[in-house]
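Structural overview for review
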Amino acid sequence: MKLYQRKMNDPAPAGQADPYILKAEDGRYYIYATGAKGPSLFSSNSLLEGWAYEGECLDMTGQKSCWAPCVVCMDGKYYMYYSSLDADTQDVHQQTLRVAVSASPRGPFRMIKKLLPPFSIDPHVVVNGSGIYHFYCGNVLEAERVGTHIFCDRMTDPITMEGNPVCVVKPTLDEEIFMRNRFKKGEHWHTVEGAFYFHVGQTHFLMFSGANYTNPTYFIGYCVAHGPEDADLRTLTWKKYPDEHTYAPLLCNTDYIEGMGHNSVIFDKGEYYIVYHGRDAGDAGIPGDTRCARIDRMIVDGEVLRVELTR
């Protein structure tokens, strides 16, 4: 179901793409979403209702086009990981991962530094007993299936990458083609992106989105690995579910929702919930980005994930 119900003359953006959910130390729920002028912030005292738009929460001085913010609380500070463009560039392939910090989940967040060179997008930062791990996306030009892949690196502290990334998810399906003949005739560009990690005991899940959100095959899928709860997440053996060559989306187009992808997950009151974007069927031609944040209950049954999809 839609997480935020936009009203007439609402100052909130039409959509909330790439929604990242956080329950902060103040007990309140927060959603951070992609925004041209900066990440959009929504909050509520209740997970399933009462969401309010709070505006943009990142100082975008010298930047534009913020994509896919992820916010993590460490040592009493809130760190936002995101990608953006320098204000003076027109090349979308210059999207660069950065980190910003705030004393509050509401912000204002202020950028500290760039973390990686372009093209680098879609951060998801995880803290476990063995360290801080950063999942992100980058392009691979020499591969059986060229395109955007998902990497994982360790961080030596909240603002420094270790510099030893490992590719953890790569394209293996035609349904993950972003665009045919994109840069070279006969060479199709593939995309797996939007990583989100969680674990249930020693079963580890790495969720991702495949293809282009305007494509009919765009979907949310996931990988499974097994190992200690505090494992170095770069060393786990990640396998797509059910296997590398079967298109079996957890979420994809229905008769009433299209473009479902780029999710986060929250465990609340004994239940798992998936938060993702999706536009109402038929909205693709409407000006602006109409991918709205949606939330549904997710069932975890061993290695199998299921979503109880609602309108």
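To keep things clear, this report deals only with the structure shown in the data block. (Residues numbered from 1 in each chain as written. Predicted model: local features only at pLDDT ≥ 70, side-chain atom pairs only at ≥ 80, totals over all residues. Heavy atoms only, no water.)

Here the focus is the overall build of the protein chain. Each helix and strand counted, the protein chain has zero helices and 23 strands in total. Whereas a compact globule of 311 residues would reach a radius of gyration of roughly 19 Å, the protein chain reaches 18 Å, a difference of no more than 12%. With the C-alpha coordinates aligned to their principal axes, the bounding extent of the protein chain is approximately 45 × 45 × 45 Å. Sequence-distant contacts in the protein chain: of pairs separated by 6 or more residues, those separated by 24 or more amount to 50%. When the accessible area of the protein chain is evaluated, it comes to approximately 13500 Å², of which 49% is carbon and sulfur surface. Across the protein chain, the centroid of the 30 positively charged side chains sits 4 Å from that of the 39 negatively charged ones. (Helix = DSSP H or I, 4+ residues; strand = E, 2+ residues; numbered from the N terminus. Rg over C-alpha atoms; globule rule 2.2 N^0.38 Å. Contact = heavy atoms within 4.5 Å. Areas by Shrake-Rupley, 256 points an atom, 1.4 Å probe, with all protein chains shown as cover. Lys, Arg positive; Asp, Glu negative; His and termini not counted. Charge placed at Lys NZ, Arg CZ, Asp CG, Glu CD.)

This part covers the pattern of salt bridges. In this structure the tally under the stated criterion is 17 salt bridges. Between Arg279 and Glu258 there is a salt bridge, and its shortest N-O distance comes to 3.5 Å. Of the two residues, Arg279 sits in strand β21 (residues 271–280) while Glu258 sits in strand β20 (residues 257–268), which places them 21 residues apart along the sequence. By relative accessible area, Arg279 is classed as buried at 7%. Close ionic contact of Asp280 with Arg294 constitutes a salt bridge, the shortest N to O distance being 2.6 Å. Here Asp280 is found in strand β21, whereas its partner Arg294 is found in strand β22 (residues 292–301), with 14 residues between them in sequence. (Salt bridge = Lys/Arg side-chain N within 4 Å of Asp/Glu carboxyl O. Buried < 20%, exposed > 50% of the residue type's maximum accessible area, 1.4 Å probe, protein only.)

Moving on, we get to the packing of aromatic side chains. For the coordinates displayed, the defined rule picks out 16 aromatic pairs. A centroid spacing of 5.9 Å and a plane angle of 80 degrees characterise the contact between Phe208 and Phe219, whose relative ring orientation is edge-to-face. A residue pair is termed long-range when its members are at least 10 positions apart, and Phe208 in strand β16 (residues 203–210) and Phe219 in strand β17 (residues 219–226) qualify at eleven residues. Judged by centre distance (4.5 Å) and plane angle (50 degrees), the ring pair of Phe267 and Tyr272 falls under tilted. When its relative accessible area of 17% is taken as the criterion, Tyr272 is described as buried. Chaining the aromatic ring pairs together yields one cluster made of Phe198, Phe205, Tyr222, Tyr241, Phe267 and Tyr272. Directly above the aromatic system of Tyr213 lies the positively charged group of Arg291, at a separation of 3.7 Å from the ring centroid. Positioned above the aromatic ring of Tyr256 is the side chain of Arg311, whose terminal nitrogen or guanidinium carbon lies 4.0 Å from the ring centre. (Phe/Tyr/Trp six-rings, centres within 6.5 Å; stacked < 30°, edge-to-face > 60°. Lys NZ or Arg CZ within 6 Å of the ring centre and 35° of its normal.)

Judged by pairing direction, the sheet is antiparallel, and its four strands sit side by side in the order β5-β6-β7-β8 without closing on themselves. For this open sheet the edge positions go to β5 (63–74) and β8 (110–114), each flanked by a neighbour on one side alone. Between one strand axis and the next, the sheet turns through 30 degrees on average, direction left out of account. (Pairing = 2+ DSSP bridges. Axes fitted to C-alpha atoms, helices over the stretch in contact; angles between N-to-C directions.)

What follows is about the sheet that holds strand β1 (residues 20–23). Two modes of strand pairing occur in sheets, parallel and antiparallel, and in both the strands are linked by backbone hydrogen bonds. In space, the four strands of this open sheet follow the order β1-β2-β3-β4, with antiparallel pairing throughout. Lying at the two open borders of the sheet, with one neighbouring strand each, are β1 and β4 (52–56). Strand-to-strand twist in this sheet, taken as the mean axis angle between neighbours without regard to direction, amounts to 25 degrees. Relative to strand β3 (residues 40–44), strand β2 (residues 29–33) runs antiparallel, the two being bridged by five bridges. Each bridged residue has a counterpart across the sheet, and for Tyr29 the counterpart in β3 is Ser44.

The next thing to look at is the nonpolar core. Within the largest apolar cluster, 35 residues are counted, with the highest numbers of intra-cluster contacts made by Tyr81, Phe198, Met207, Leu250, Ile274, Met298 and Leu305. In terms of nonpolar packing, the next biggest core, distinct from the first, is built from 22 residues, Cys152, Val168, Phe219 and Cys223 among them. (Core = buried A, V, L, I, M, F, W, Y, C linked by side-chain atoms within 4.5 Å.)

As a further point, take the environment of Thr148. Its location among the elements puts Thr148 in strand β11 (residues 147–157). For Thr148, a relative accessible area of 5% gives the class buried. It is 9.2 Å that separates the C-alpha atoms of Thr148 and Phe178, two residues lying 30 residues apart in sequence. Residues contacting Thr148, with those up to four places away along its chain left out, are Phe119, Cys137, Gly138, Asn139, Pro171, Trp189, His190, Thr191 and Val192. Side-chain polar atoms of Thr148 contact the side chain of Asn139, separated by 2.8 Å. (Polar contact = N/O pair within 3.5 Å; in protein donor to acceptor, adjacent residues only side chain to side chain.)

Shape is all these values report; function is a separate question.
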